[in-house]
Structures are given as C-alpha cells and as structure tokens.
Amino acid sequence: MKKKILAFLLGILTLFTAFASSCEPEMLPQESTPQESVGGIVTNPTYTYNDYLEEAPATWSPFNWKTDEDKYILSLTQMGLYDFILDESGEGYEMVWEMADSDPVDVTEQYAKSGKWPIPADATAGYAYKIALNSAACWEDSTPINADTYLYSMQQLLDSGNKNYRASDYTTGTLAVINGYEYYNNDKAGKPIYRDNMVNGEYVHPFDTWEEGEDGVYTASGKPIVFTLDSPLTSLNGYSIQGWYEESGKKDFASCIKGLRELADENGYVPVTDESIALLFSFTGSVHWGYEARKHLAAYVYYGDGEYTSVPWSKVGFLKTGEYEITLILKNPVDPLLVKYNLTTNFIVKKDLYEQDKSAYATSTQSYMSYGPYKLVTYAAGKVMVLERNEGWYGYSDGKHEDQFAATTVNCAVITDHTQALEDFIAGKLDRVSLSPADMEKYKNSKFILYTPQDFTSKLSFNGDIDALKKRETEGVNKSILAYKDFRKAISLAINREEFCASCTATHEAGYGLYNYMYVCNPETGALYRENAAAKGALCKFYGVNNVAEITGYDLDQAKKLLESAYKSCLKDENISETDNIVLELTVARDDEANRNVVAFINTAVQNAAMGTPLEGRISIVLKADGDFYENCKRGLTDIIVSTWGGNAMDPFSLMECYCVNDKHYEYGFDGEKEFLTVTVEEEEITKTFTDWYIALSAGEYASADLQTRINILAALEKGILEQCFTTPLYYRISASLNGRKTENATQTYVQNIGFGGMRYMKFVYNDEEWSTYVSESDNSFIY
C-alpha cells in the first residue's frame with residue numbers, strides 16, 4: 001500500500017519552548033567507543049548523533065507516556081508491530097512488518113460463529129484479527145518476545161489497579177477490545193451503576209412517571225433516582241443555582257453544598273429525597289419536592305441500573321492463539337489498514353522488570369530494557385541520556401534493514417535554554433536545533449532549514465464555569481464575564497490570526513478549525529478531512545462565509561458588539577458591577593519571551609475590541625506561569641490557557657474524544673455529557689450529547705457507517721464544538737529547525753508518516769573522528 005506525499009505544510013514549533021535555565025547541561029563525549037586506525041585510516045568508525053530535548057521526560061513507559069519528550073526514548077528503543085518506510089520512489093510511504101510477521105488476518109467469521117463473543121452472528125469482517133509475531137524479536141538481554149509477552153503486557157495495561165494512561169487505546173479507542181473497558185473498571189465491582197436519564201434528547205424515565213418511596217424517588221420500575229454534586233449544582237436549565245440563591249437574598253449556598261455532601265454516597269451521588277430537594281431548592285421557600293422540582297431535575301438525574309460486576313481476563317478480546325500469534329477481538333469493526341496504523345506503536349513491557357516496581361518502570365536504565373535498534377545505557381534525570389546500538393536487535397541481521405539506523409550512538413541532552421541550544425549547534429556540539437520566532441529573520445533562507453508540518457492545532461481553552469470563576473475573583477476584579485458565551489466569542493473575533501502567527505510564532509499557520517490539513521479521512525486514497533466538502537462547509541457556516549478562502553476569523557466590529565452584549569447580560573445578572581475591572585490570567589508553562597509575546601498580543605487585541613464600548617480600559621489579560629497549568633485547568637483553577645491537541649492523523653474520528661469526553665478536554669465548564677447537538681444523518685435529525693456522538697462515531701452505531709456519513713457527523717461535531725466557544729483555534733503547528741552539517745536526511749521534502757526520513761534513514765557525512773577534526777578546523781563555529 002503506497003501513498004504519495006501530502007504536500008501541505010502545517011503545524012508545529014511548540015508555543016511553550018523552554019528558556020528556564022541559562023547554564024549549559026553536562027554533555028557526554030561524542031564517541032561511545034574509541035575509534036581504531038591503521039595507517040591513518042579509521043577501521044571501526046563510530047557515528048554519534050547529538051540531539052537535545054527542551055524538557056526532560058517524566059517516563060517512557062509504554063503504558064503511561066504522554067508527551068513527545070516521554071516518547072523520545074521509546075522511539076529509539078522499541079518497534080511497533082508495523083511501521084512506515086519510504087517507498088521506492090522516495091516520495092511516498094508504504095507499511096512493513098516489524099514486530100509482526102504478517103498482515104492482520106481477518107478471522108471475524110470464526111469468532112462470530114463461536115457464540116462466545118458479543119459479535120453479530122452474521123458479521124463477516126472487521127471484528128477479529130490474528131497477527132503472526134516476529135519470532136526473531138527479543139529483549140536486549142536476548143529474552144524472547146512471544147505471544148506470552150503481549151498477553152501479559154495487555155493484561156497489565158488494562159488492569160484496573162494500575163489505571164494506566166494509555167489503557168484508553170484499547171478500552172475506548174479505535175482498537176477497543178471486547179470487555180477491555182469493563183476489565184479496566186473491575187475496581188468498581190459491587191458499586192452501583194447509574195445511567196444518564198437523558199439520551200438522544202429524550203428522557204429514559206419521564207419525570208411524570210417517577211414514584212416516591214420511603215427513602216427516595218424511584219422510576220416506575222423501581223430504580224432509584226439520583227443526582228451528582230457537579231450537576232445540577234452548576235446549572236439547571238441554563239441558570240446558576242448559586243445565582244438563584246443570591247438573587248433570593250439567601251446567602252446560604254455554602255450550607256446547601258455542605259448538606260448535600262453529607263447526603264451523597266462515596267461516589268458523589270445524592271438520592272432524590274425531601275431532604276435533598278429541600279436543600280437544593282430552599283431559596284424558593286419550598287421544602288417538598290413536587291412537579292416543578294421534578295421538571296427542573298429531570299434532565300440532570302441518573303437512574304440506578306444494578307451493580308458493576310467483575311469481568312475475568314478470559315472474557316477480554318485479546319488472545320494468545322499460538323506461541324507467536326495473537327488475536328484481537330474488537331468491540332467495533334475496524335478496517336485492516338487502520339488496525340496496522342494503530343499498531344505502529346507498541347505496548348509491551350518486560351515482565352521481570354515491571355514486576356519489581358510497576359510505578360517506576362521506565363524511569364531509569366535499571367528499570368527498562370530495549371527491544372529496538374538502540375538501547376539506553378545512560379540516563380541522568382533532567383540532564384542527559386545516551387543510547388547505543390542494540391546489537392541483539394533483529395533488524396541488524398535480517399537483511400531487511402540495510403543502510404538503516406546508521407548512528408552508533410545517540411547523545412541527547414536536556415537543554416531548556418534556547419539560546420544555549422543554538423550556541424551549541426553553531427559550535428558543532430548539536431546536530432540539529434529548533435528555531436524560535438526571533439531566529440527566523442537570520443535563518444529563514446538557510447539551505448539547512450527544515451519546515452516540518454505536524455498534526456497539532458493550538459487553541460485558546462476557556463474556563464466557562466461561573467462558580468469556579470467567582471471563587472477566583474477579588475474585590476473589584478471580575479472573571480465571571482468569561483462564563484458568557486458572547487464574551488468568549490468576542491475574544492476569538494478580536495484576534496487577527498495571520499498577524500498573531502507572524503508576530504508570535506516562527507512558522508505556524510493561522511488555524512480556524514480543530515483539525516488541520518494533516519488528517520486523512522480515507523487511508524485507502526489519502527484524501528484529507530479538511531478538503532472534504534462537509535469539513536469545508538462546517539467552517540464556512542461557523543465563520544459565516546461562502547468559501548474557506550474567505551475565512552479570517554477576525555471581525556473587530558462584531559467583537560465589539562459581543563463584548564457589549566456580554567457585559568449587559570452580566571450586569572443584568574448582577575455578576576459584574578459598573579466599576580469592576582476584568583482581569584483574566586492566560587496561564588502558560590513558564591514566563592519567557594515567547595509566552596510574554598503571546599499574552600501581550602492577545603491582551604492588545606482584546607483591549608482594541610473594547611475601545612468604544614463600556615468595557616474600554618477595563619479589560620486586561622495577564623500572564624501567569626504554572627508548570628502544572630494543564631492539570632490546574634482541569635480543576636477550574638485557570639481562566640484561559642493555550643492548549644494543543646493532535647495525533648493519530650490517519651484516524652481523525654478518534655481525535656474528537658479530546659473535545660467531547662470530560663476527562664480529556666481542557667475547557668472547564670463544558671460538559672460533553674450534558675450539552676446536546678442535533679445532527680442530520682441521512683435526512684433524519686438526531687439529537688445526542690457531544691459525548692454520546694463521539695461514542696456513536698467511534699464505537700457505536702456509526703463506527704461502521706459509510707465513510708461520508710461518518711465525515712458528515714465529524715464535521716457537525718467540529719462545528720458544534722466551535723459554536724460552544726469554550727475553545728477557539730489559533731494556529732496549525734509547523735516547526736522550523738536547522739539540520740547540522742554532520743548528517744543528511746533521506747529527503748528534503750516532507751513525506752506523510754515519514755517526515756524527512758528520521759533516524760531510520762539518516763546518513764552521516766562525517767564519522768566522529770572526521771567531525772572532531774572539521775569542528776576544530778572551523779574554530780568551533782559554523783555559519784548556517
């Protein structure tokens with residue numbers, strides 16, 4: 001299967017480039033072993049690649065990696081079951097077997113007919129795949145890697161006691177295995193199951209059918225009705241409960257919360273009783289629950305539906321079917337091409353090392369072992385890591401990897417100061433360097449520059465929860481107005497993205513959608529999601545234009561109107577005074593020049609929009625540095641952040657999880673389980689919550705729908721998220737970097753899934769001895 005290059009240059013030079021330290025980190029010697037020479041000729045030349053990271057990895061566990069820094073060591077020390085290589089033309093890619101010894105073989109009919117698995121009896125394809133394993137694969141200590149390795153690793157990955165970050169790849173992702181989610185939640189066994197009473201815009205148990213019992217309210221079939229401490233406390237029918245308390249003149253909202261917490265069970269569920277309703281609605285003077293209370297609560301309650309039961313591993317759809325063969329039985333049908341794509345990263349761990357200390361696995365050289373082209377030999381936390389050729393890797397002797405992985409050693413330092421990294425590169429100590437916006441004027445025409453498109457979109461994420469915002473207010477300082485949709489949309493329209501990218505980034509491209517142009521919606525043809533008519537139409541409708549070429553995302557006049565509208569509403573609701581100033585923190589990883597420029601630009605843009613409105617001179621957006629800003633954002637402890645999502649460019653449908661699922665997205669106050677969206681599917685209007693739409697698209701009734709139907713739903717979801725205005729895209733990410741004189745890339749043209757060739761295809765112009773001489777002769781300074 002070959003694909004031609006997708007010639008689009010889009011997203012990445014991270015906004016949060018680190019500048020934290022001005023001291024040079026410890027650099028190890030370039031040679032991993034001395035080079036020998038006979039008559040002045042090097043007989044065993046070594047080739048060292050000197051690289052760096054801007055932040056240290058937290059872990060490189062295949063179970064818990066999160067960032068590119070975390071993945072760095074994994075990218076050199078492991079192999080997926082499948083991988084991408086350059087095709088014969090050098091202009092496209094093809095997929096090859098690595099840790100696998102065959103393509104996935106569809107065995108759906110075999111498992112459908114067995115009756116042991118919840119697969120449609122008439123299913124013929126897409127649900128079950130067996131994969132032959134590469135019998136030559138082994139750990140660096142020569143321990144064989146076989147089906148038992150995969151079986152143990154998957155069981156540990158999904159174990160409910162471990163709660164691994166990447167378990168979702170096989171519990172809710174494209175390759176979700178049957179009962180994987182249930183096994184992952186075995187820790188809930190014996191606890192009550194509560195299901196949402198509102199599904200597809202309709203009540204499962206209409207409020208006029210509820211019945212009162214001795215200890216609460218029940219459905220007509222005797223199932224208990226409960227609500228949570230998150231909702232409806234935040235809002236009922238769009239109104240703030242706290243606001244109702246304040247409007248009624250009763251200042252005992254805190255007492256209400258305290259009382260409800262005392263009534264809640266260990267999971268935060270509150271039974272609907274006279275006592276809980278009296279607390280919730282006490283501002284009305286009502287002490288009994290009645291028709292109006294039922295009506296208000298109906299869309300926010302849950303009903304009991306039995307208890308969670310423990311699922312044995314034997315019922316999970318991941319099987320050992322031979323000494324070197326595994327079989328995946330999936331919850332939903334998946335195209336074999338996507339199966340291969342999703343298995344280009346691996347998940348296996350070495351059992352003896354993992355069992356020593358599961359939480360510390362892959363945090364040191366002692367707690368990790370390679371099975372890829374390189375092995376980790378030195379790791380000094382926060383300073384440097386050294387990798388050398390793993391001579392036991394099958395690829396060095398199988399005849400299929402000739403002229404690949406030429407580096408004998410990889411030295412990777414952690415350099416948080418960009419200026420220091422650039423100086424080291426110029427001096428020949430580093431073999432590549434990322435460029436900052438300030439570097440571009442000098443290096444933009446360099447023959448050594450590379451522009452690398454990535455599948456990431458950076459965006460503003462807003463806290464829209466009025467209660468969380470009020471907690472962060474001080475006398476005379478207002479944040480509550482950010483809870484008003486018009487205010488958030490005004491911020492979006494106030495930003496000229498073209499000017500922002502030119503002023504604040506090195507190479508990024510103005511972005512208007514949640515997805516950039518790297519996402520492939522049809523792996524068979526390489527067709528791009530962003531080029532599909534439905535995806536184009538979604539953006540055109542949202543921005544109010546006729547074609548995508550007209551989109552700017554910038555409308556100062558409309559921004560002014562929306563600021564004034566939001567202010568009037570906020571004033572009417574008594575959530576702001578006529579003298580309050582609005583001070584919003586834009587929280588970033590660190591206080592550096594790049595982030596200061598970003599905040600200053602957005603602050604100026606919003607202040608310009610406020611001119612001539614009642615908010616003129618009253619709005620400030622200020623920088624706040626917080627290394628844990630992502631986590632604090634999810635706790636409602638930020639106002640605005642710049643967040644970034646991307647990845648899985650061959651499966652754009654799965655990325656919607658990052659916007660629709662509550663524990664994934666960064667938009668505090670947006671509840672994907674409570675906000676509804678109506679989508680027209682085959683001329684029928686269907687209403688679901690955003691979360692339910694994601695599930696339907698990725699693992700439900702539309703997971704196997706025809707491609708255009710799925711694209712239509714995805715486009716509607718993208719438009720729906722944008723219309724909520726809890727997030728607004730800023731730019732598609734493109735990195736700029738300089739490649740050193742020591743090495744050459746396989747191609748100067750970016751190739752989808754390959755980049756410029758990477759470590760696999762990198763060629764060395766100089767060996768270590770030659771490079772040392774060249775650096776010395778150049779007075780430790782090169783011109784690029």
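What counts as what
Residues numbered from 1 in each chain as written. Predicted model: local features only at pLDDT ≥ 70, side-chain atom pairs only at ≥ 80, totals over all residues. Heavy atoms only, no water. Salt bridge = Lys/Arg side-chain N within 4 Å of Asp/Glu carboxyl O. Helix = DSSP H or I, 4+ residues; strand = E, 2+ residues; numbered from the N terminus. Buried < 20%, exposed > 50% of the residue type's maximum accessible area, 1.4 Å probe, protein only. Axes fitted to C-alpha atoms, helices over the stretch in contact; angles between N-to-C directions. Parallel < 35°, antiparallel > 145°, perpendicular 65-115°, else oblique. Left-handed = near helix turned anticlockwise from the far one by under 90°. Contact = heavy atoms within 4.5 Å. Nonpolar A, V, L, I, M, F, W, Y, C, P; charged D, E, K, R; others polar. Expected span 1.5 Å × (residues − 1). Polar contact = N/O pair within 3.5 Å; in protein donor to acceptor, adjacent residues only side chain to side chain. Arc of directions from axis to C-beta.

### Some words on the pattern of salt bridges
One pass over the full model with this rule turns up 28 salt bridges. Notably, a salt bridge pairs Lys-320 with Asp-148, separated by 3.0 Å at the nearest N-O pair. Placement of Lys-320 in strand S17 (residues 318-322) and of Asp-148 in helix H3 (residues 147-158) is noted, with a sequence separation of 172 residues between them. Residue Lys-320 is classed as partly exposed on the basis of its relative accessible area of 39%. Of the charged contacts, one joins Lys-163 and Asp-187 as a salt bridge, the two residues approaching to 3.3 Å between their closest N and O atoms. Of the two residues, Lys-163 sits in the loop between H3 and helix H4 (168-171) while Asp-187 sits in the loop between helix H5 (180-184) and strand S9 (192-196), which places them 24 residues apart along the sequence. We classify Lys-163 as partly exposed; its relative accessible area is 34%. For Asp-187, a relative accessible area of 38% corresponds to the partly exposed category. Through salt bridges with shared partners, one network takes in Arg-472, Lys-479, Glu-585, Lys-624 and Asp-639.

### Points about the packing of helix H23 (residues 690-698) against helix H24 (residues 707-724)
Close contact between H23 and H24 brings their axes to 11 Å; oriented N to C, the two are set at 160 degrees. Considering their axes alone, H23 and H24 lie roughly antiparallel with respect to each other. Crossing hand, H23 versus H24: left-handed. Each of Phe-690, Trp-693, Tyr-694, Leu-697 and Ser-698 in H23 lies in contact with H24, whose residues at this interface are Arg-710, Ile-713, Leu-714, Leu-717, Gly-720, Ile-721 and Gln-724. Its residues assigned to classes, the contact of H23 with H24 comprises 8 nonpolar, 3 polar and 1 charged.

### Focus: the packing of helix H15 (residues 485-494) against helix H18 (residues 556-572)
At a minimum axis separation of 8 Å, H15 and H18 run at an interaxial angle of 160 degrees. Judged by the inter-axis angle, H15 sits roughly antiparallel to H18. Regarding H15 and H18, the two cross each other, and that crossing is left-handed. Taken together, the residues of H18 that come into contact with H15 (itself represented by Asp-486, Phe-487, Lys-489, Ala-490, Leu-493 and Ala-494) are Leu-556, Gln-558, Ala-559, Leu-562, Leu-563, Ser-565 and Ala-566. When its residues are assigned to classes, the contact of H15 with H18 shows 9 nonpolar, 2 polar and 2 charged.

### Remarks on the environment of Leu-76
Along the chain, Leu-76 turns up in helix H1 (residues 68-77). Measuring from C-alpha to C-alpha, the distance between Leu-76 and Gly-372 comes to 6.5 Å, with 296 residues separating the pair along the chain.

### Some points on the side chain of Asn-197
Following the sequence through the fold, Asn-197 ends up in the loop between S9 and strand S10 (198-199). Owing to a relative accessible area of 0%, Asn-197 belongs among the buried residues under this scheme. Discounting chain neighbours no more than four positions away, the residues touching Asn-197 are Glu-202, Tyr-203, Val-204, His-205, Trp-210, Ala-298, Val-301, Tyr-302 and Tyr-303.

### Let's talk about H3
Between its terminal C-alpha atoms H3 stretches 17 Å, which fits the 16 Å expected from 12 residues at 1.5 Å a residue. Most of H3 sits inside the fold, with 9 of its 12 residues counted as buried. Three or more residues of H3 are buried, namely Ala-147, Thr-149, Tyr-150, Tyr-152, Ser-153, Met-154, Gln-156, Leu-157 and Leu-158. Where the residues of H3 are buried, they touch H4, H5, S17, strand S18 (325-329) and helix H11 (351-356). Between the side-chain oxygen at the start of H3 and the backbone nitrogen of Asp-148 there is a gap of 3.1 Å, and the oxygen is on Asn-146.

### Quick word on H18
With 17 residues, H18 ought to run about 24 Å at 1.5 Å a step, and its terminal C-alpha atoms sit 24 Å apart, in line with that. Of all the positions in H18, only Ala-559, Leu-562, Leu-563, Ala-566, Tyr-567 and Cys-570 are classed as buried. Buried residues along H18 cover an arc of 135 degrees about the axis, so they all sit on one side. Opposite the buried face of H18, at more than 90 degrees from it, the exposed residues are Asp-557, Lys-561, Lys-568 and Lys-572. Trailing H18 by a residue or two, Glu-574 shows a phi angle of about 60 degrees, which is positive.

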